[in-house]
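Summary of structural features
What follows is each chain in one-letter form.
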Amino acid sequence: MKSIDIICIGEVLIDFIGHEVNTSINRTKDYHRFLGGSPTNVAVNASRLGLKSLLVASCGQDGLGDYVVRKLKANHVNTTQIRKSETAPTSVIFVSKSTETPDFIPYRQADCEIFVEQLPDEIIAEAKIFHTTCFALSKNPARKTILNRAKKAKELGLQLSIDLNFSERIWPNREEAKQVIKEYLVNDPLVKLSEDDCYRLFAEYKTEDYIFEYFHNLGATTICLTKGKNGVVLSDVNQGLFFQKAFHLDEIKDTTGAGDAFWTGFLYAQIEGKELEESISIAQKLATIKLQNVGRLPDNINIKDLIH
């Protein structure tokens, strides 16, 4: 019996999300503070679905760092591998509240200070899934650490996972990004990416066929492409293509973190042994709940009941 369902390694930060909907950062007056970072969101969401999640990340030795740890503990995320930097403050991102893809300004500090000592082999051996993001891989020392630990996770038989949330603002060198992604995909992770991610990574529009072939050739068996209101397409080397329409929503309140909610639902379903098609449905249900709420998934509901 494994004692950890999912290890999330990568950025922990504070999202300051604008209060006015569809207003540029230039014109946003008020911001609300939320715990953020894609792997952090997945760790919190997973915990709320009853999974045992461990976050490996770094924040500052400051008030925002204290807030990060307090929030994680309140959500029953294992924080034993969180490091507090003596020199760098907690990373912060300002985000516009949007019903489309939000605009953001990153102030990156402690989030990339992740070291191999934070994730010993014996802890990896206790887990089922090892998850990270493109954002986390964009800077050293986190990049070297994650690639090193991912290789170990593969050796120890874990299922790997990655959200290819590429942004040139976070990672200006596209060719370097492609090379690092290639190194990670050798481990055959479950891959999640959006149409926006693809457009940013390739700097031009690519067809679904191109996208799937490109990432399958790098070693990924299962690739999930999210297309916003146009639904989800999943390509699996062994089982072929699956398409699901997006669930209809009368109102979208906030798209920040919707992809993380989607992917948590997918990983949860995989841990529960569900088929790919059902995994997509569960993922969509969780994303739908998120889209109707600002910030995190709402507190006062039983999420597990809603997605089954």
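Now for a quick tour of the structure.

Rules behind the numbers
- Residues numbered from 1 in each chain as written.
- Predicted model: local features only at pLDDT ≥ 70, side-chain atom pairs only at ≥ 80, totals over all residues.
- Heavy atoms only, no water.
- Helix = DSSP H or I, 4+ residues; strand = E, 2+ residues; numbered from the N terminus.
- Expected span 1.5 Å × (residues − 1).
- Buried < 20%, exposed > 50% of the residue type's maximum accessible area, 1.4 Å probe, protein only.
- Arc of directions from axis to C-beta.
- Polar contact = N/O pair within 3.5 Å; in protein donor to acceptor, adjacent residues only side chain to side chain.
- Contact = heavy atoms within 4.5 Å.
- Pairing = 2+ DSSP bridges.
- Axes fitted to C-alpha atoms, helices over the stretch in contact; angles between N-to-C directions.
- Salt bridge = Lys/Arg side-chain N within 4 Å of Asp/Glu carboxyl O.
- Parallel < 35°, antiparallel > 145°, perpendicular 65-115°, else oblique.
- Nonpolar A, V, L, I, M, F, W, Y, C, P; charged D, E, K, R; others polar.
- Core = buried A, V, L, I, M, F, W, Y, C linked by side-chain atoms within 4.5 Å.

Let's talk about helix 6 (residues 174–185)
Taking 1.5 Å as the rise per residue, helix 6 with 12 residues should run 16 Å; its terminal C-alpha atoms sit 16 Å apart, in good agreement. If you check which residues of helix 6 are buried, you get Ala177, Lys178, Val180, Ile181, Tyr184 and Leu185. Looking down the long axis of helix 6, one finds its buried residues gathered within 165° of arc, a one-sided arrangement. Near the N-terminus of helix 6, the side chain that reaches the backbone nitrogen of glutamate 175, with its oxygen 3.2 Å away, is that of asparagine 173.

Quick look at helix 5 (residues 142–155)
Taking 1.5 Å of rise per residue, the 14 residues of helix 5 would be expected to cover 20 Å, and the 20 Å separating its terminal C-alpha atoms lies within 8% of that figure. Among the residues making up helix 5, those that are buried are Ala142, Arg143, Thr145, Ile146, Leu147, Arg149, Ala150 and Ala153. Buried residues belonging to helix 5 abut strand 1 (4–9), helix 3 (121–124), strand 8 (127–133), helix 4 (134–137), strand 9 (159–163) and helix 6. Within two residues after helix 5, glycine 157 carries a phi angle of roughly 85°, on the positive side.

Some points on the sheet that holds strand 1
Taking strand neighbours across the sheet as the criterion, the nine strands line up as 5-4-1-8-9-10-11-12-13 in an open arrangement whose pairing is mixed. What marks the edges here is a single partner per strand, and that holds for strand 5 (82–85) and strand 13 (240–244). Each adjacent strand pair in this sheet contributes to an overall mean axis angle of 15°, direction not counted. Direction of pairing for strand 11 (residues 222–226) relative to strand 12 (residues 232–236): antiparallel, over a ladder of five bridges. Considered in strand 12, the bridge of leucine 225 is made with valine 233. Running at roughly 145° to strand 11, helix 8 (residues 208–217) makes contact with strand 10 (190–194), strand 11, strand 12 and strand 13 of the sheet.

Remarks on the pattern of salt bridges
According to the stated counting rule, one finds 16 salt bridges in the structure shown. Salt-bridge contacts for arginine 149 lead to aspartate 121; the nearest nitrogen and oxygen are separated by 2.6 Å. With a gap of 28 residues between them, arginine 149 in helix 5 and aspartate 121 in helix 3 connect regions that are remote in the sequence. Overall, the relative accessible area of 7% leaves arginine 149 in the buried class. The class for aspartate 121 is partly exposed, based on a relative accessible area of 34%. If you follow the salt bridges from partner to partner, you end up with Asp121, Arg149, Lys152 and Glu155 in one network.

Things to note about the environment of glutamate 195
On the secondary structure map, glutamate 195 appears in helix 7 (residues 195–202). Residue glutamate 195 is classed as partly exposed on the basis of its relative accessible area, which comes to 33%. The spatial distance from the C-alpha of glutamate 195 to the C-alpha of threonine 207 is 9.7 Å, given a sequence separation of 12 residues. Setting aside residues no more than four positions away along its own chain, glutamate 195 makes contact with Leu225, Thr226 and Lys227.

A closer look at the packing of helix 6 against helix 7
What describes two packed helices is the angle between their axes and the distance between those same axes. Between helix 6 and helix 7, the least distance of the axes is 9 Å, while the angle of their chain directions is 120°. When the axis of helix 6 is compared with that of helix 7, the two are oblique. Counting all contacts with helix 6, which are made through Arg174, Ala177, Lys178 and Ile181, the residues of helix 7 involved are Arg200, Leu201 and Phe202. Residues belonging to the contact of helix 6 with helix 7 are distributed by class as follows: four nonpolar, no polar and three charged.

Describing the nonpolar core
Within the largest apolar cluster, 44 residues are counted, with the highest numbers of intra-cluster contacts made by Ile7, Leu119, Phe130, Tyr184, Leu185, Leu193 and Phe215. Counting residues in hydrophobic clusters, the runner-up holds 43 residues, among them Ala43, Val92, Leu234 and Phe266.

Describing the environment of threonine 264
Relative to the helices and strands, threonine 264 is located in helix 9 (residues 258–271). With a relative accessible area of 1%, threonine 264 lands in the buried category. In contact with threonine 264, other than residues within four places in its own chain, are Asn41, Val42, Asn45, Ala46, Leu49 and Leu286. A polar atom in the side chain of threonine 264 sits 2.6 Å from the backbone oxygen of aspartate 260.

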